[in-house]
Amino acid sequence: MYSIVGNHCTTCGTYYFPPRPVCPECRRKGHLEEHKFKGLGKVHTFAIVRQAPDDFKRQVPYIIAQVELDEGARLTAQIVNCDIDAVEIGMRVRACFRKITEFGPEGIIVYGYKFEPTMKVTGHK
Amino acid sequence: MTRRVAIVGVGISKFGELWEKNLRDITLEAGMYAIFDSQVSGKDIDAVCIGNMSAGRFTGQEHLGALAVDMGGLGHIPSYSVEAACASGGAAVRQAYMSILSGEHKVMLVLGCEKMSDVSQTEAMNTIGVASDWEWEGLFGATFPALYAFMARRHMHEYGTTEEQLAKVAVKNHANAVHNPWAQFQKAVSLDTVMTSGLLADPIRVLHSSPVSDGAAGLVMCSEDIAKKFTDTPVYIEASTQASDTLALHDRRDICTMDAVVISARDALKEIGATVDDIDVFELHDSFTISEITLTEDIGLCKKGEGGKILDEGLTQIGGKYPVNTSGGLKARGHPIGATGVAQVVELVLQLRGDAEKRQVDGAEKAMAVNIGGTGATSIVHVLGR
């Protein structure tokens, strides 16, 4: 989950993220290969979270979205580097590497992907 | 072999924040009411089935099947605990239905229960959150209201559904709950109150969301041939169907449509050779106001995208063409997760018997309950008839 590695079924051509053990379309006829997603996509839908469990309380309000990756799969991730009033359906985003949360009193740190508007980085949509 | 299973007794505890009672008390209460209602004696009951999502996390107690048999003083009969997130209650009803149809059991006590108010808000949110795909949704900060906000936002984007229409679901269901003595909120709310209530995850507000509740519900079910022994007014389960979908919302074909609901509702109607117009009263799983709107579309009360419109037209009110959630629904009756699916059936049995008092739908003969788990990964549909 650090670099959005999912899989691609060469039988039906569908891309999957998170990776699946079996292609739900082709089942045993499917042939799944590892695929590293480019990490580019657009916002399919989103919410502004204002009440969150303790792990996320310090970030409230934050944007959580379903991002549709260019290859086809969708995933759930936070949108960062973006004002909560600026996010909209269809907005182009790209993946960035971030800390997600910490587990328990030992503080095991989970890293993974969040997304940011592409225009912030490249200057255009 | 008989194709129908009878419901001969119903019971329900008060829903709400029941600080003075524990899980055993409320479950026993609902079970005893159901048994008294049916005139069944304890020795007639040959199995118990109990629906619950997460008593282990909410109260620190699992193994609820044995607990129910023990507290009910029912001896050494077998018991089954079933879990399907928010559809656990519906799953318990279906488990008993199948057990009786198979001939293995004759008379069963079905229970659904949850005690949610004893843990902190964070613990409650985390525990409810595991009904979605925890590893790929919850871990990244998607709360349950946020997942339903995803559906609401997309529904508004694709079909022009408005915030006012979302709020109208809450207004309608609260108005119905005023007449339900077991409801958590026997209190009407105005459109303005709903539309200005606090935001949980935009566009989902506090009053778009079902509450944290304690409560239990029970049924006595038996095979059709012996039903008249226990009551003069049995209600029959004419169809029971179930379907699944992807656990994570982002893997769905279309997040505005719950395919599991479409399939299970269609199969149920096909099984009895009826159309949705033959159904007189509905209990639909309104854990958030957007889910009642999508469910009215998915079971066929209107075309996709028109769930808000039929609400505006008053079709889903008591007295309308398709009365939905006469009990107040999850929104106002309360949503003790494992109890909900059983409570839906309790309400519909009262409706079909003509015992629903001020919430009564005149001449109701057929009724449908739709109980979903998570964000629609499980859907269980029951059609009841007199």
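All residue numbers refer to positions counted from 1 along the written sequence of the respective chain. Throughout, the order in which chains and ligands are written sets their labels, letters from A for the former and numbers from 1 for the latter. Per-residue local features of the predicted model are confined to residues with pLDDT of at least 70, and side-chain atom pairs are confined, for both listing and counting, to 80 or more; whole-chain, interface and lining totals are unaffected and use all residues. Side-chain measures were taken over the full set of non-hydrogen atoms in the model, leaving aside hydrogen atoms and water.

So, about the confidence of the model for chain B. Here chain B shows a mean pLDDT of 96. Residues at 70 or above account for 99%. Taken over the whole predicted complex, pTM reads 0.96, whereas the ipTM for its chain interfaces reads 0.94. Each residue carries a pLDDT value, the predictor's own confidence for that position, ranging from 0 to 100.

So, on to the interface of chain A and chain B. A common way to express how large an interface is: the accessible area buried when the components associate. By definition in these notes, contact holds between two residues if any of their heavy atoms fall within 4.5 Å. Tallying the contact residues gives 31 residues for chain A and 29 residues for chain B. Simply put, the buried area is the total loss of 1.4 Å probe accessible area from both parts when two parts are fitted together. Summed over both partners, the interface of chain A with chain B comes to about 2800 Å²; 60% of that surface belongs to carbon and sulfur atoms. Of all residues in chain A, A:Q51, A:R74 and A:T76 bury the most surface against chain B, accounting for 21% of the area lost on that side. A side-chain nitrogen of Lys or Arg and a carboxyl oxygen of Asp or Glu constitute a salt bridge if their distance falls within 4 Å. For the interface between chain A and chain B, the tally reads two salt bridges. In this structure, the salt-bridge partner of A:R20 is B:D251, at a minimum N-O distance of 3.4 Å.

As a general point, the strands of a sheet are linked pairwise by backbone hydrogen bonds and lie either parallel or antiparallel. All names here are of chain A. Each pair of strands is called paired provided DSSP finds at least two bridges between the two strands. Helix and strand definitions follow DSSP, with helices as H or I runs of at least four residues and strands as E runs of at least two, each counted in order from the N terminus. A sheet is described by the order of its strands in space; here three strands give the open sequence β2-β1-β3, paired in antiparallel fashion. The two strands at the open ends of the sheet, each matched to only one other strand, are β2 (15-16) and β3 (32-36). Relative to β3, strand β1 (residues 5-9) runs antiparallel, the two being bridged by five bridges. Of the residues in β3, the one forming a bridge with C9 is L32.

What follows is about the pairing of strand β8 (residues 108-117) of chain A. Within a regular strand, the side chains alternate between the two sheet faces. All names here are of chain A. For every residue, the accessible area (1.4 Å probe, protein chains only) is compared with the maximum for its type, and the residue is labelled buried under 20%, exposed over 50%, or partly exposed between those bounds. For β8, the buried fraction is high: seven of the 10 residues fall into the buried class. Where strand β7 (residues 92-103) lies against β8, 10 bridges are found, and the strand directions are antiparallel. Counted as the bridge partner of A95 is F115 from β8.

Take the pattern of salt bridges next. If you walk through the whole model with that rule in mind, you get 29 salt bridges over all chains. Residue A:K99 pairs with A:E102 through a salt bridge whose shortest N-O separation is 2.6 Å. Measuring nitrogen to oxygen at the nearest pair gives 3.0 Å for the salt bridge that ties B:E29 to B:K21.

A separate point is the sheet that holds strand β1 (residues 5-12) of chain B. Residues and elements named next belong to chain B. Across the sheet, nine strands lie side by side as β3-β2-β4-β7-β1-β8-β11-β10-β9; this open sheet has mixed pairing. On the outer flanks of this sheet lie β3 (79-82) and β9 (281-284), each paired with one strand and no other. The sheet shows a mean angle of 25 degrees between the axes of neighbouring strands, direction not considered. As judged from the four bridges shared by β9 and strand β10 (residues 366-373), these two strands associate in the parallel manner. The residue bridging E283 from the neighbouring strand is A369, located in β10. Structural elements are reduced to axes, namely lines fitted to C-alpha atoms, with helices fitted over the stretch in contact, and the angle between N-to-C directions of any two is expressed from 0 to 180 degrees.

Residues and elements named next belong to chain B. With 14 residues, helix α4 (residues 88-101) should reach 20 Å at 1.5 Å per residue; the first-to-last C-alpha distance of 20 Å fits that figure. Within α4, 12 of the 14 residues are buried, leaving the element largely enclosed by the surrounding structure. All of the buried residues in α4 are S88, G89, G90, A91, A92, V93, R94, A96, Y97, S99, I100 and L101. The positive-phi residue at the C-terminal boundary of α4 is G103, with phi of around 90 degrees. Multiply 1.5 Å by the residue count of a helix minus one, and that product is the helix's expected span.

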